[in-house]
Amino acid sequence: MDSRFAFERPTLPPQVRPADADDIEGMARVSVDTWRLTYAGILPESYLARMRLAAHEAQRRRLMGVSDAAHFVAEEPLTGETVGFASAGPVRAGDDALGVTSEIYELYVQNGFQGRGLGRGLIAAARAWLSARGHRGMIIWVLADNPARAFYQRLGGVPAGQRAIRVGGALVEETAYVWRDVG
Ligand SMILES: CC(C)(COP(=O)(O)OP(=O)(O)OC[C@H]1O[C@@H](n2cnc3c(N)ncnc32)[C@H](O)[C@@H]1OP(=O)(O)O)[C@@H](O)C(=O)NCCC(=O)NCCS
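Residues numbered from 1 in each chain as written. Predicted model: local features only at pLDDT ≥ 70, side-chain atom pairs only at ≥ 80, totals over all residues.

Visitor: Can you explain the site of the ligand? Please cite residues and give values.
Guide: In the vicinity of the ligand, 19 residues are found, and the nearest of them are Gln114, Gly119, Arg120, Ala148 and Ala150. For the shell around the ligand, the secondary-structure elements that each account for two or more residues are helix 1 (24-38), strand 4 (102-109), helix 4 (118-132) and helix 5 (149-154). Of the residues contributing to the shell around the ligand, the split by class is nine nonpolar, seven polar and three charged. (Near = placed C-beta within 6 Å. Helix = DSSP H or I, 4+ residues; strand = E, 2+ residues; numbered from the N terminus. Nonpolar A, V, L, I, M, F, W, Y, C, P; charged D, E, K, R; others polar.)

As structure tokens, this is what we get:
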């Protein structure tokens, strides 16, 4: 077995695996595509239109260089195309007040591949990785107007707080979902 995946659980879909440098372009593409579709009408249109693949690739390369974070991809079984990804690691500063030690920083599944269990599989991979590192409790911040809130509730996340953040010049509300048990 791939040693980076020594914590693998049998519930993971076969197409979910740890990301590596070759996945950066695919992850950036999933990120730009899903932001534009999911956040249309939620975030400013001009901001979404200005998103550039190259900038997202550079940002992803930086994020993947952070040693205490983990990144997973879901790939299309026949073509190997990257169709989803998740990133997780220690909770960011400020959120530790909510009594959790870990965070899912990002989770995106390409339109057309949603509803096939890949989101659940990516979360399961991240949770197994966090659990193996002794984390207690996990948080994810979701835009309050994002229908994905129902997905996190379906997976047992409990609403735990609200905050306003500025994205592309607009003030938007986010909701925190918390899992007390990571494993
Ligand atoms: C939200 C997202 C990650 C979920 O991944 P997915 O692969 O579509 O979801 P899954 O197929 O794994 O669904 C798991 C369960 O959640 C439910 N679910 C998924 N999305 C849902 C939604 N929007 N509303 C209600 N339930 C939902 C599914 O019905 C399924 O339930 P079941 O296991 O009882 O049948 C994905 O749809 C996505 O990337 N959306 C666009 C981007 C986004 O919003 N990302 C989150 C940013 S915080």
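Additional details are given in the paragraphs that follow.
Visitor: Any details on the sheet that holds strand 5 (residues 138-143)? Residues and values, ideally.
Guide: What links the strands of a sheet is backbone hydrogen bonding, and the strands pair in either a parallel or an antiparallel sense. Judged by pairing direction, the sheet is mixed, and its seven strands sit side by side in the order 1-2-3-4-5-7-6 without closing on themselves. Of all the strands in the sheet, just strand 1 (16-18) and strand 6 (158-167) have a single pairing partner and so form its edges. Looking at each pair of strands side by side, their axes are set apart by 25° on average, direction ignored. Here strand 2 (residues 70-75) pairs with strand 3 (residues 82-90) via six bridges, running antiparallel. (Pairing = 2+ DSSP bridges. Axes fitted to C-alpha atoms, helices over the stretch in contact; angles between N-to-C directions.)

Visitor: Which residues make up the packing of helix 1 against helix 3 (residues 53-64), and what values do they have?
Guide: Between helix 1 and helix 3, whose axes approach to 8 Å, the crossing angle comes to 120°. Taken together, helix 1 and helix 3 sit at an angle that is classed as oblique. In this structure, helix 1 meets helix 3 at a crossing whose hand is right-handed. Two secondary-structure elements touch here, helix 1 through Ile24, Glu25, Met27, Ala28, Arg29, Ser31 and Val32 and helix 3 through Leu53, His56, Glu57, Arg60, Arg61 and Met64. Taken together, the residues of the contact of helix 1 with helix 3 break down into six nonpolar, two polar and five charged. (Parallel < 35°, antiparallel > 145°, perpendicular 65-115°, else oblique. Left-handed = near helix turned anticlockwise from the far one by under 90°. Contact = placed C-beta atoms within 7 Å.)

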